[in-house]
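Structural overview for review
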Amino acid sequence: QHQDSVSAVVTVDQNGIKSTIHADQFVIAMGNESRPLCNTIQVPCPIYPVKGHLVTISSSVDCIYNITLPNGIGYAAPMDHKVNGRRLYRLSGFVDFTPNKEPDQHRIDALVNAAKVYLDDVEVIDKSACHRPF
């Protein structure tokens, strides 16, 4: 191994058998888990985990197209199915550079309130936050 590159990778299969793969270049495609691996093998990694918020809502408004929420804070994407005659939508928006994965209630409320501009009878079904690669 050169100081600034990786020239071989050792893999271990389910039986514990090791194999070495030699190459001029490798691609690390592990999403948010790329950074910890790159730190371990001491190579640069241009991937940063960012926190995004997701809210599943229902509404009697039956829209089949994505809706851009006011001020561009996010999107309401209609889902394929309905519950009790109400269309389900997935709200997504906001990107925060933070290791904290807990949902921020202020962010959730802002997404729901923005969705109410177009979907006035919104009912929140589920809310969460996740890390996405940036």
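Our subject in this report is the structure included herewith. (Residues numbered from 1 in each chain as written. Predicted model: local features only at pLDDT ≥ 70, side-chain atom pairs only at ≥ 80, totals over all residues. Heavy atoms only, no water.)

The number of helices and strands found in the protein chain is two helices and seven strands. The secondary structure elements of the protein chain, listed N-terminal to C-terminal, are β-β-α-β-β-β-β-α-β. Counting only C-alpha atoms and orienting by the principal axes, one finds that the protein chain spans roughly 60 × 30 × 25 Å. Across the 134 residues in the protein chain, those meeting the buried criterion constitute 28%. Here the analysis covers contacts within the protein chain between residues at least 6 apart in sequence; of these, 59% occur between residues at least 24 apart. When the accessible area of the protein chain is evaluated, it comes to approximately 9,100 Å², of which 52% is carbon and sulfur surface. Seen as two clouds, the 12 positive and the 14 negative side-chain charges of the protein chain have centres 3 Å apart. (Helix = DSSP H or I, 4+ residues; strand = E, 2+ residues; numbered from the N terminus. Buried < 20%, exposed > 50% of the residue type's maximum accessible area, 1.4 Å probe, protein only. Contact = heavy atoms within 4.5 Å. Areas by Shrake-Rupley, 256 points an atom, 1.4 Å probe, with all protein chains shown as cover. Lys, Arg positive; Asp, Glu negative; His and termini not counted. Charge placed at Lys NZ, Arg CZ, Asp CG, Glu CD.)

A surface patch of nonpolar side chains, about 460 Å² in accessible area, is lined by Tyr 48, Val 95, Phe 97 and Phe 134. On the accessibility criterion, Tyr 48 (41% relative accessible area) is partly exposed. (Patch = residues over 30% accessible without salt bridge, like charges linked within 9 Å, V, L, I, M, F, W, Y side chains within 5 Å. Salt bridge = Lys/Arg side-chain N within 4 Å of Asp/Glu carboxyl O.)

Hydrogen bonds along the backbone pair up the strands of a sheet, which may run parallel or antiparallel. Pairing is antiparallel across the open sheet formed by five strands, whose spatial order is 4-5-6-3-7. Unpaired on one side and paired on the other, strand 4 (67-68) and strand 7 (123-133) mark the two borders of the sheet. As paired strands, strand 5 (residues 74-83) and strand 6 (residues 86-96) are joined by seven bridges and run antiparallel to one another. Its bridge partner lying in strand 6, Lys 82 is registered against Arg 87. (Pairing = 2+ DSSP bridges.)

Core analysis: the biggest nonpolar cluster contains 15 residues, and Val 55, Ile 57 and Leu 91 have the highest contact counts within it. Only strand 3 (49-59), strand 6 and helix 2 (105-115) provide two or more residues apiece to this core. Among the elements that take part in this core, helix 2 stands out by supplying five residues, more than any other. (Core = buried A, V, L, I, M, F, W, Y, C linked by side-chain atoms within 4.5 Å.)

Before going further, it helps to spend a moment on the pattern of salt bridges. Close approach of charged atoms lets side chains of opposite charge pair. On inspection of all chains with the given rule, the structure shows five salt bridges. Between Arg 86 and Glu 123 there is a salt bridge, with its nearest N and O atoms 3.9 Å apart. Here the residue Arg 86 occupies a position in strand 6, and Glu 123 occupies one in strand 7, the gap between them amounting to 37 residues. Here Asp 96 and Arg 107 are joined by a salt bridge, their closest N and O atoms 2.7 Å apart. Here the residue Asp 96 occupies a position in strand 6, and Arg 107 occupies one in helix 2, the gap between them amounting to eleven residues. Accessibility expressed as a relative area gives 13% for Asp 96, which makes it buried. When salt bridges with common partners are traced through the structure, they connect Asp 62, Lys 82 and Arg 87 into a single cluster.

One ladder, built from five bridges, connects strand 1 (residues 8-12) with strand 2 (residues 18-22); its direction is antiparallel. Considered in strand 2, the bridge of Val 12 is made with Lys 18. Taking the residues between adjacent antiparallel strands as the criterion, strand 1 and strand 2 are bridged by five residues, where Gly 16 takes a positive phi near 85 degrees.

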